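Residue-level structure breakdown
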Amino acid sequence: MRFRTEANSVCKDFDPPLPSEVLDCIKILRINKAPGIDGINNKMIKNLPLHTILTITTIIHKIMTLGHFPTRWKTATVVPILKPGKDLTNTTSYRPISLLPSLSKIAEHLILKRLNNYLKENNVLCPEQFGFREKLSTSHQLLRVVEYVTEGFANKQKTGAVFLDIQKAFDRVWQDGLIHKLIHYKTPSYLIKLIYSYLLERKFAVKVKNELSSTKNIKCSRGTRVENCPDSFCPVY
C-alpha cells in the first residue's frame, strides 16, 4: 500500500516542536548507550551548542510539516547477542539488538508525545489499556486483577482468566490495519502521514565486532487494502 498525496503538500495544523522539548529529550539520553548507524553517540549530542539544538528542532519541524521520516533515521544497526549457554554456531542462539540513531529517537519522542496527547484528549484508548501509558504500568494492572479476584471470592464467585503471549508481537503488527485505525479515530493527518512514512521501507545492517554488513530492507506483510480513507491518503496499488 502507498499513500497518494498532493505535490508539495504540507501540514501546518499541529503544535510545532520547541527547542526546550529537544533539550528535555537530550537530558534523559544515557551516555553509555551505543550509537546508531550514523556513529553519533549520546555524549556528543549532550555537548551540542545551542545553535545546533535549534537546527535539530528545525529539522524535526520540517519532518512534521512534510510528513516524511528520514530514511537514514529509520535504518537500524542490528547487533546479535549470544544467549547464555547457547550454541554459538546456531543463528537462533542469538538475540538481535537494534540500534537506531539517537536523533531519530528524539524525533520519535516528540511525535509520540503529540499522538498520546490526541489519544488522551479524545478518549480513544479504553480504560483497561495500561501498557505504554503515562503513570500506568503492569503493576497497576496486576492490582486491578487482584481486586477483581478478591471481590469474586467475597461474593462466592469463580474468576477465570485467559492470558495471551504473542510471539514477536511487535514484528507481527498489521501495519495497514494500524493506519486504518488511525484514520478511523480521526487522528490528525500529519500524524498519519508521519507514522506511515516511519513504517515504510525501514532498513537494517548487521554489525559483528567491527564489521558492518550491507544495508537490507526489512520485509513485512503489508496486509490488505485500507478502505474509507481521506482523499489525501487514498491507497494506490
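Residues numbered from 1 in each chain as written. Predicted model: local features only at pLDDT ≥ 70, side-chain atom pairs only at ≥ 80, totals over all residues. Heavy atoms only, no water.

Glancing now at the nonpolar core. Core analysis: the biggest nonpolar cluster contains 32 residues, and Val22, Ile60, Met64, Ile106 and Ile179 have the highest contact counts within it. When contributions to this core are tallied by element, the ones reaching two or more residues are α1 (19–27), α3 (50–66), α4 (102–121), α6 (175–184) and α7 (189–199). Top element by residues in this core is α4. It accounts for eight residues. (Core = buried A, V, L, I, M, F, W, Y, C linked by side-chain atoms within 4.5 Å. Buried < 20%, exposed > 50% of the residue type's maximum accessible area, 1.4 Å probe, protein only. Helix = DSSP H or I, 4+ residues; strand = E, 2+ residues; numbered from the N terminus.)

Attention now moves to the packing of α4 against α7. It is the contact of α4 with α7, at a shortest axis distance of 11 Å, that shows an interaxial angle of 140°. If you check the angle between α4 and α7, you find them oblique. Seen from above, α4 lies across α7 with left-handed handedness. Residues Glu108, Ile111, Arg114 and Leu115 of α4 pack against Tyr190, Leu191, Leu194, Ile195 and Tyr198 of α7. Tallied by class, the residues present in the contact of α4 with α7 amount to seven nonpolar, no polar and two charged. (Axes fitted to C-alpha atoms, helices over the stretch in contact; angles between N-to-C directions. Parallel < 35°, antiparallel > 145°, perpendicular 65-115°, else oblique. Left-handed = near helix turned anticlockwise from the far one by under 90°. Contact = heavy atoms within 4.5 Å. Nonpolar A, V, L, I, M, F, W, Y, C, P; charged D, E, K, R; others polar.)

Here we come to the confidence of the model for the protein chain. The pLDDT averaged across the protein chain works out to 85; a share of 87% of its residues lies at or above 70. A low-confidence stretch, residues 221–237 (pLDDT under 50), is modelled with 39 contacts involving residues beyond four sequence positions or located in other chains. (pLDDT = per-residue confidence, 0-100.)

With that settled, the discussion passes to the side chain of Ser197. Along the polypeptide, Ser197 turns up in helix α7. Since its relative accessible area comes to 7%, Ser197 is described here as buried. With residues up to four places along the chain from it excluded, the contact list for Ser197 reads Gly67, His68, Phe69 and Lys74.

Once that is clear, we can look at α6. By the burial criterion, the buried members of α6 are Gln175, Asp176, Gly177, Ile179, Leu182 and Ile183. Positive phi shows up at Lys186, right after α6, with a value of about 55°.

A separate point is unusual backbone geometry. Positioned with a positive phi, Lys135 is a non-glycine residue whose angle comes to about 65°. Within the secondary structure, Lys135 is located in the loop between α4 and α5 (138–154). If you check the backbone angles, Lys186 has positive phi at about 55° while not being a glycine. Tracing the chain through its elements places Lys186 in the loop between α6 and α7.

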